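# Chain and residue survey
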Amino acid sequence: MRLTTLCYAENKGRWLMMHRVKKDADENAGKWIGLGGHMREDESPEECVRREVREEAGLELRDLRLRGIITFILPDWGNELTFLYTARAEEKELPDCAEGVLRWVPLEEVAELPLWEGDRIFLPLLRKRRDCFSLKLNYAPGGALLDYELTPEGE
């Protein structure tokens, strides 16, 4: 199982997101996602997410907070355990990123973007809840969400 991180950095009611349109054979092609990536063997999840955001957007994170652990069951690409974070970041000119187009997206516009079906489950939780949750997302081959399990349940 791969270990990854994912962060939604906020500034002035917007999340920093990446439109994945630049890499060939990208499992996230065409989708909007937060920033993050694969953990190195010697990294903690916090070190990984800070490094990835620095590499992809040139930003330093403040108020980094673990918000969830997501287990992705992905028959097409292999299973993944993702540490989900929120943070704050200063607004600055965003660099050209090799993995996609970076943009500060107003929170109220996020749901209108092309997202993974599972993201539509956990992104509202980041806005509504303050706790740390565990979410298991079961995808079918081809990327359709089959079902999910959220712990603890609630709003």
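Read on for an overview of the structure.

Rules used in this analysis
- Residues numbered from 1 in each chain as written.
- Predicted model: local features only at pLDDT ≥ 70, side-chain atom pairs only at ≥ 80, totals over all residues.
- Heavy atoms only, no water.
- Helix = DSSP H or I, 4+ residues; strand = E, 2+ residues; numbered from the N terminus.
- Rg over C-alpha atoms; globule rule 2.2 N^0.38 Å.
- Buried < 20%, exposed > 50% of the residue type's maximum accessible area, 1.4 Å probe, protein only.
- Contact = heavy atoms within 4.5 Å.
- Areas by Shrake-Rupley, 256 points an atom, 1.4 Å probe, with all protein chains shown as cover.
- Lys, Arg positive; Asp, Glu negative; His and termini not counted.
- Charge placed at Lys NZ, Arg CZ, Asp CG, Glu CD.
- Phe/Tyr/Trp six-rings, centres within 6.5 Å; stacked < 30°, edge-to-face > 60°.
- Lys NZ or Arg CZ within 6 Å of the ring centre and 35° of its normal.

### With respect to the overall build of the protein chain
A count of helical and extended segments in the protein chain gives two helices and nine strands. Listing each helix as α and each strand as β along the protein chain from the N terminus yields β-β-β-β-α-β-β-β-α-β-β. Scaling as 2.2 N^0.38, a compact globule of 155 residues should have a C-alpha radius of gyration of about 15 Å, and the protein chain matches this with 15 Å. C-alpha extents for the protein chain along the principal axes are approximately 40 × 35 × 35 Å. Within the span of the protein chain, comprising 155 residues, buried residues form 48% of the whole. In the protein chain, 64% of the contacts between residues at least 6 apart in sequence involve partners at least 24 apart. As displayed, the protein chain offers around 8000 Å² of accessible surface, 48% of which is attributable to carbon and sulfur atoms. Charged side chains in the protein chain number 23 positive and 31 negative. The centres of these two groups are separated by 4 Å.

### So, the environment of L84
Structurally, L84 can be placed in strand β6 (residues 80–88). For L84, a relative accessible area of 0% corresponds to the buried category. Taking the C-alpha atoms as reference, L84 lies 12 Å from H38; in sequence the two are 46 residues apart. Setting aside residues up to four positions removed in sequence, L84 forms contacts with L6, Y8, R65, L66, R67, G68, I70, F122, L126 and F133.

### Quick word on the packing of aromatic side chains
A full pass over the atoms with the stated rule returns four aromatic pairs. A connected cluster of aromatic rings, assembled from ring pairs, spans Y8, W15 and F122. Directly above the aromatic system of W116 lies the positively charged group of K31, at a separation of 5.1 Å from the ring centroid.

The values reported here are purely geometric and, on their own, carry no functional implication.
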